[in-house]
Amino acid sequence: MSNQSTGSSQAGAIAQELLSAFETSRMVAVPPSQRPGFDLNLAYEVEAMLKRSREAAGHRAVGRKVGYANKATWRVLKLETLVWAHMYEDTVHYSDNNSLELNIPHPRSLKVEPEIVFGLKQPVPEGADAATALAACDWLALGFEIIDCPFPDWKFQPSDFVASFGLHAALVVGEKTPVQADRISTLVEELPRFKLRMSKNGEFVEEGSGKNSLKSPALCLAELSAAIARRFPSEPLSAEELVSSGTLTAGHLTSAGDVWTAQVEGLALPSMTLRLT
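## Observations regarding the sheet that holds strand β10 (residues 203-209)
In space, the 5 strands of this open sheet follow the order β4-β14-β13-β9-β10, with mixed pairing throughout. The strands lining the two open edges of the sheet, one partner per strand, are β4 (99-102) and β10. Looking at each pair of strands side by side, their axes are set apart by 20° on average, direction ignored. Here β4 runs beside strand β14 (residues 272-276); their pairing, made up of 4 bridges, is parallel. Note on β14: the bridge partner recorded for E101 is R275.

Encoded structure:
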């Protein structure tokens, strides 16, 4: 059997294992990265298999979510760029007046992360800077990304992240703010600088900033587009896709009954509240 056939067979087995774990809330005792021959290339093969399986079950992919949007971690983890995974129709939720109650059907170990979400109206051009990336956007919004780790003690490598749906459990999207051409230069200045305050059950938890997402969520969007184009030139980011552009704070453990509020200063986005049920 060729190495390619062996790799595809291994990818298929891991994809089935991780899909089953996703659907049943089982833990995965041994992360794929601890198994012989598993690397980031194989992880993206698994991710593509998972996408095909989910879409065959009627769950259309609607965008991508980012992982490791922090260059300081790349050298340590031997990454050349950030990583990503798909999000789906049944995992993306839109808030009502910037508030939502959400139930996660098969939770294992949940964390909540505040992020800037972009809605694309056209592909991001090659070599885009922050302004060019924003010009490809129809809107932006504040969002809560809910991640769920199938690996013990939240210990995993980038390849495990990619192969396990990017740890994606849900994305909650707040009020959409149109990206208007005459506002782009202002947004380029505001996105790295704005502050975000996270509160849990009325108590302050952490302050984050736009610079925590690759120095600016707009630059993160540009980097994601370039990274996808290099690895999958036939499947670039496209019009109408959503991008969840990397967390603005640390991820915080959460469970049913928690109420999270994110308040933004220095960027014209309304506060947002999430209640887990």
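## Regarding the layout of surface pockets
The computed volume of the largest pocket comes to approximately 520 Å³. Elements with a minimum of two residues in the lining of the largest pocket: β1 (61-67), β5 (110-120) and β11 (242-247). Tallied by class, the residues present in the lining of the largest pocket amount to 10 nonpolar, 9 polar and 4 charged.

## Brief notes about the packing of aromatic side chains
Evaluation of the coordinates by the stated rule reveals 6 aromatic pairs. Between W84 and F232, the aromatic rings sit 6.4 Å apart at their centres with planes inclined by 85°, giving edge-to-face as the arrangement. Linking W84 in strand β2 (residues 83-88) with F232 in the loop between α7 (217-231) and β11, this pair joins segments that are 148 residues apart in sequence. Among the aromatic residues, those joined into a cluster by ring pairs are Y44, W84 and F232. Across the ring face of Y88, the terminal group of R54 is positioned such that the distance to the ring centre comes to 5.1 Å. Residue placement shows K111 over the ring face of W154; its charged tip is 4.3 Å from the ring centre.

## Some remarks on the pairing of β14
Two faces, one strand: in a regular strand the side chains alternate between the faces of the sheet. Residue alternation in β14 divides its side chains into a buried set, M272, L274 and L276, and an unburied set, T273 and R275. Note that strand β13 (residues 259-265) and β14 share 4 bridges and pair antiparallel. Across the sheet, T261 pairs through a bridge with T273, a residue of β14. Taking the residues between adjacent antiparallel strands as the criterion, β13 and β14 are bridged by 6 residues, where G266 takes a positive phi near 95°.

## Describing helix α6 (residues 184-193)
Those residues of α6 lying buried are I184, L187 and L191. An end-on view of α6 places all buried positions within 45° of arc, on one side of the element. Exposed side of α6, more than 90 degrees from the buried face: S185 and R193 are the residues found there.

The rules we used
Residues numbered from 1 in each chain as written. Predicted model: local features only at pLDDT ≥ 70, side-chain atom pairs only at ≥ 80, totals over all residues. Heavy atoms only, no water. Pairing = 2+ DSSP bridges. Helix = DSSP H or I, 4+ residues; strand = E, 2+ residues; numbered from the N terminus. Axes fitted to C-alpha atoms, helices over the stretch in contact; angles between N-to-C directions. 1 Å grid on protein atoms, 1.4 Å probe; cavity = no way out; pocket = protein on both sides within 12 Å on 5 of 7 lines; lining within 4 Å. Points joined across faces, edges and corners; volume = space filled by probe spheres on them. Nonpolar A, V, L, I, M, F, W, Y, C, P; charged D, E, K, R; others polar. Phe/Tyr/Trp six-rings, centres within 6.5 Å; stacked < 30°, edge-to-face > 60°. Lys NZ or Arg CZ within 6 Å of the ring centre and 35° of its normal. Buried < 20%, exposed > 50% of the residue type's maximum accessible area, 1.4 Å probe, protein only. Arc of directions from axis to C-beta.

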